[in-house]
Each structure stands twice: as structure tokens, then as C-alpha cells.
Amino acid sequence: AYYRHEQRDTLKDIGYENIPEMNEEDKWISETVFHIIHIIGTVVLLVTWFSSFPHLNKTYGVILAEKWLDCLCIGHTFRFLTYISTTLPGPASHCRPGAIKPTINRPTSLYDIFTRKSGGDDPNCGDLIFSGHVFQNIILSIIVTYSINKIFVNKVLHYFVLVSMWCLCVVQLPLIVAARNHYTVDITVSCYLAPLVWFFIENRKKKEIEIIQDNEEVAL
């Protein structure tokens, strides 16, 4: 996607028309919110590895981690297929016309394409539809929502964790637009695709369990 990207004017976007762009020095805020959501979610899931209460409720860290990774695998496969099929002009400041050319440090060989990792002094352009940050936030929040009552005994802690994660998910949406990391369409697609992927994985797991139980009954 980065190799195919060209510096062009950004698309018309309703989010950009209503949310002013952040200053460059403030754009770290969006990434910080993303990391806080993942820290909270990861801590919750780690509890299942070190506490007996989740096991009493048949909630296991390995199963939750498998669901998380399954969702990420499917979601990022879809994401690759969408952003590589149509190259949109990047809205980030270093992807627009007039950006300093050395900043657009495109890969020049297959080795670069498969080994370089964007970030920091080597930014990226072109991987837009849809937002991986929003997708991951929603998937992790859904997993925690569906399992937290079987992980913690304290009901107050349940509500605190869930409200914190979902509020941060909502807060990050305008921050991503303000930082010009994604278009509004990127965020919109993530918001409905993430729950669809989750319910697909969850229904598949339930069917697998039903098949195993049926086989056990036949064996008996």
C-alpha cells in the first residue's frame, strides 16, 4: 500500500469538515488512548491465567486469547484486501502534497516491502480502509464485555472496567479524525465489521462445542 501511494489532496470527508485538525505535537494523544484500552483489556485477560475464579466459571485465558487472535487474523485479512484494492490519498500530514519528499520514504524492493515496519521516523501511507486501531479496540472491548462477569467477583469493578473501555473507544473516534490518521469511512467500516467478525467467531465456537458434546453422547 505504501509503495502504491501517491501524494494527493485528501478526499471530502464529513469528519474533517466538522473536527479541526490537531497540532502535530498533540497527535500522540490518539495513540495513548489506544494503548490504554489495550493495557486495560490485557490486564483483564491475564487475570484468567492467575486466578481460580474464572476457571470455576469455565473461563480460560487460552480460549479468550484464541478468540482474540482469530478475530484479529480475520479482520486484518479483510483490511489488507480492502486497502490494497483501491489506493486512497493519505490524510496524514506527511502523505499530502507539499510534504517534504524525504519523509515519503517508500520501499524500493521486495526486501523492503516485506521487512520494513512503519512508525516513528519511517511513517506509512496508504493502509486506510479500514481502521485497524478501531477494529482492535472494539474486538477487545467486546471480549472483555462478554467474559468479565466470569473473571471478577466484584460488580463495581465490572462496571468500572467496561465503562472505561467503551468510553475510551468512543473518545478515540474523533481523536483519530482530528489527528488525520484515517478518514471517517475507515472508522465507520471498523465499527460495524468488528462486531460481525466477533459474532461469526463466537457462533463457530458454539457449534464446535455442540458437535463435541453430541459426539460424547454418541460415544456413551
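As a reminder, the structure under discussion sits directly above these lines.
Q: I would appreciate a short explanation of unusual backbone geometry in the present structure.
A: One can expect most non-glycine residues to show negative phi and most peptide bonds to be in trans. Ile129 connects to Phe130 through a cis peptide bond whose omega is 5°. Along the chain, the position of Phe130 falls in the loop between helix 5 (110–115) and helix 6 (132–147). Even without a glycine there, the phi angle at Arg180 is positive, about 60°. Assignment of secondary structure puts Arg180 in the loop between helix 7 (155–178) and helix 8 (184–219).

Q: What is the right way to look at helix 4 (residues 61–85) in this model?
A: Given 3.6 residues to a turn, an α-helix orients residues that are three or four positions apart in the same direction. With 25 residues, helix 4 ought to run about 36 Å at 1.5 Å a step, and its terminal C-alpha atoms sit 36 Å apart, in line with that. Buried residues of helix 4: Gly61, Leu64, Lys67, Trp68, Cys71, Leu72, Gly75, Arg79 and Tyr83, and no others.

Q: What's the story with the nonpolar core in this structure? I'm lost.
A: Note on soluble globular proteins: their nonpolar side chains tend to be buried together. Counting residues in each nonpolar core, the largest one holds 43 residues, and the members touching the most others are Trp68, Phe135, Ile139, Ile143 and Val144. Looking at this core, the element that brings in the most residues is helix 7, giving nine residues. Beyond its immediate sequence surroundings of up to four residues, Ile139 is in contact with Trp68, Cys71, Ala194 and Trp198.

Q: Would you take a moment to explain the side chain of Thr48 for this structure?
A: Here Thr48 lies in helix 2 (residues 28–50). Residue classification places Thr48 among the buried positions, given a relative accessible area of 1%. For Thr48, the side chain forms a polar contact with the main-chain nitrogen of Gly61, separated by 3.4 Å.

Q: Help me out: how do you make sense of a nonpolar patch on the surface in this one?
A: Taken together, Leu46, Trp49, Phe50, Tyr60, Val62 and Ile63 make up a surface patch of nonpolar side chains, about 650 Å² in accessible area. With three residues, the top contributor of residues to the nonpolar patch is helix 2. By the secondary structure assignment, Trp49 is in helix 2.

Calculation rules
Residues numbered from 1 in each chain as written. Predicted model: local features only at pLDDT ≥ 70, side-chain atom pairs only at ≥ 80, totals over all residues. Heavy atoms only, no water. Helix = DSSP H or I, 4+ residues; strand = E, 2+ residues; numbered from the N terminus. Expected span 1.5 Å × (residues − 1). Buried < 20%, exposed > 50% of the residue type's maximum accessible area, 1.4 Å probe, protein only. Core = buried A, V, L, I, M, F, W, Y, C linked by side-chain atoms within 4.5 Å. Contact = heavy atoms within 4.5 Å. Polar contact = N/O pair within 3.5 Å; in protein donor to acceptor, adjacent residues only side chain to side chain. Patch = residues over 30% accessible without salt bridge, like charges linked within 9 Å, V, L, I, M, F, W, Y side chains within 5 Å. Areas by Shrake-Rupley, 256 points an atom, 1.4 Å probe, with all protein chains shown as cover. Salt bridge = Lys/Arg side-chain N within 4 Å of Asp/Glu carboxyl O.

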